[in-house]
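# Coordinate inspection notes
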Amino acid sequence: MPATPHQGHVVVAPDKFKGTLEGAEVAARIAAGIRRAAPGTEVRELPVADGGEGTLAAALAAGFTRVPAKVAGPTGLPVDAALAVQDDTAVVELAQSSGLARLPGGRTAPLAAGSYGVGQLIARAVSLGAKRIVLGLGGSACTDGGAGMVQALGVSLRDADGTELAPGGAALRKLDRIDLGPLADVLAGVEIVVACDVDNPLLGPRGATAVYGPQKGADGDDLVILEDGLTRFADKVAEATGRDVREAPGAGAAGGVGFAALALLGATMRPGIELLLELLGFDEAVRGARLVVTGEGCLDAQTLHGKAPAGVAAAATRAGVRVAAVAGRLELSESEWREAGFAAAIALTDLAERPGDSMTRAAELAETAGERLAEALLTG
């Protein structure tokens, strides 16, 4: 007897499984498993991101148009990047130009890496007529406070001899004066919204250098040099603008790019997943759904503090729709994930026959996970 269609669609809205699958592939595989187990069910794929790597891909999957751009990578060498546009909104992902994955040969450059390419992407968005730019921070290779970003937009940063500063956080120690130049005109009428899921200030023990510097290859003297550079930059920016935002939550994001966005670009900050769900039209997609499936590479304690699956779960719960999770690894207890709003959670490690399969066979296992969830929550 053929299966009858089920009332209400399913929304599959996972983040990427870092190191194994992009969000769009995770969504496609889970959706395939659901369709196999519950024929006739309408499944809508809506990969999400929390503002870090994967933000551009999520926007493109939601219907934004990809615009290629050749810009400076973190060490100044050109890289092929892209931004996403729809109407007068553009999405710029920092990791496209200044991310750790863009380092030549994967070699870190903690003192010299910069954010110039981010500014070039913003300038490209403005040239395309964008009136609202969503700037996704995350995966940064630099600790330059966003100095490179603003230089690309026309700001001049000079030493005592009047020489323009070289790229990177170390050079900021020599900063003597700032000339904002054409910045206000370049960004006239443009709203910049930063998608950010960290609340670190620029400086100090919770700041950009102390917390994230080691991930970018900085240690020992490097950390002192970078902190000194950011401190001088913050002082000079306060002098030039009359505002001091070094303590603002999120100023330390992406090696201090959050600081420059707030202090010099007039940006506002929003929790990454909240902003992305709004941008991707999640509320509309979930209306009338009977189930939402989300997930990421590892569902753990960090997930509960603003990561994509927690944001999806909260939004689905507000809409009165059950939500389930698929993860590469599951490090939350059942009581923890149920308290976070999930009706079910499946880990690829639990479906794997051999250790390592959850990485090498992630796509296949994600499909199996979708099938299991459908059997448990949709059929019968």
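As a reminder, the structure under discussion sits directly above these lines.
Residues numbered from 1 in each chain as written. Predicted model: local features only at pLDDT ≥ 70, side-chain atom pairs only at ≥ 80, totals over all residues. Heavy atoms only, no water.

Moving on, we come to the overall build of the chain. Check the secondary structure of the chain and you find 16 helices and 13 strands. The C-alpha radius of gyration of the chain comes to 22 Å, within 12% of the 21 Å expected for a compact globule of 380 residues. Dimensions of the chain, computed from C-alpha atoms along their principal axes, come out at roughly 85 × 45 × 35 Å. A total of 380 residues make up the chain; the buried ones form 56% of that total. Residue pairs in contact within the chain that sit at least 24 positions apart in sequence constitute 70% of those at least 6 positions apart. (Helix = DSSP H or I, 4+ residues; strand = E, 2+ residues; numbered from the N terminus. Rg over C-alpha atoms; globule rule 2.2 N^0.38 Å. Buried < 20%, exposed > 50% of the residue type's maximum accessible area, 1.4 Å probe, protein only. Contact = heavy atoms within 4.5 Å.)

In the structure shown here, the tally under the stated rule is 25 salt bridges. The salt bridge involving arginine 177 is made with aspartate 176; its shortest N-O contact spans 3.7 Å. (Salt bridge = Lys/Arg side-chain N within 4 Å of Asp/Glu carboxyl O.)

All right, on to empty space enclosed by the protein then. Inspection of every chain in the model, using the stated rule, returns two cavities of 30 Å³ or more. Lining the largest cavity are Lys16, Glu22, Gly23, Ala24, Pro47, Val48, Gly54, Ala57 and Ala58. Contributions of two or more residues to the lining of the largest cavity are made by helix H1 (23-37) and helix H2 (55-61). The residue makeup of the lining of the largest cavity, split by class, is five nonpolar, two polar and two charged. Computed from the structure, the second largest cavity encloses a volume of approximately 40 Å³. The wall of the second largest cavity is formed by Asp144, Ala147, Gly148, Gln151, Leu157, Leu165, Ala166, Pro167, Gly168, Ala171 and Leu172. (1 Å grid on protein atoms, 1.4 Å probe; cavity = no way out; pocket = protein on both sides within 12 Å on 5 of 7 lines; lining within 4 Å. Points joined across faces, edges and corners; volume = space filled by probe spheres on them. Nonpolar A, V, L, I, M, F, W, Y, C, P; charged D, E, K, R; others polar.)

Turning our attention to the sheet that holds strand E10 (residues 268-271). Taking strand neighbours across the sheet as the criterion, the six strands line up as E3-E4-E5-E6-E9-E10 in an open arrangement whose pairing is mixed. Only two strands of the sheet have a single partner each, and these edge strands are strand E3 (65-72) and E10. Sheet twist, expressed as the mean angle between neighbouring strand axes with direction ignored, is 30°. In terms of strand pairing, strand E9 (residues 191-196) meets E10 through four bridges, oriented parallel. Considered in E10, the bridge of valine 193 is made with threonine 268. Relative to E3, helix H4 (residues 116-127) is tilted by about 140°, and along the sheet it contacts E3, strand E4 (78-86), strand E5 (89-93) and strand E6 (132-136). Helix-sheet contacts for helix H10 (residues 272-280) involve E5, E6, E9 and E10, and the interaxial angle to E10 is about 90°. (Pairing = 2+ DSSP bridges. Axes fitted to C-alpha atoms, helices over the stretch in contact; angles between N-to-C directions.)

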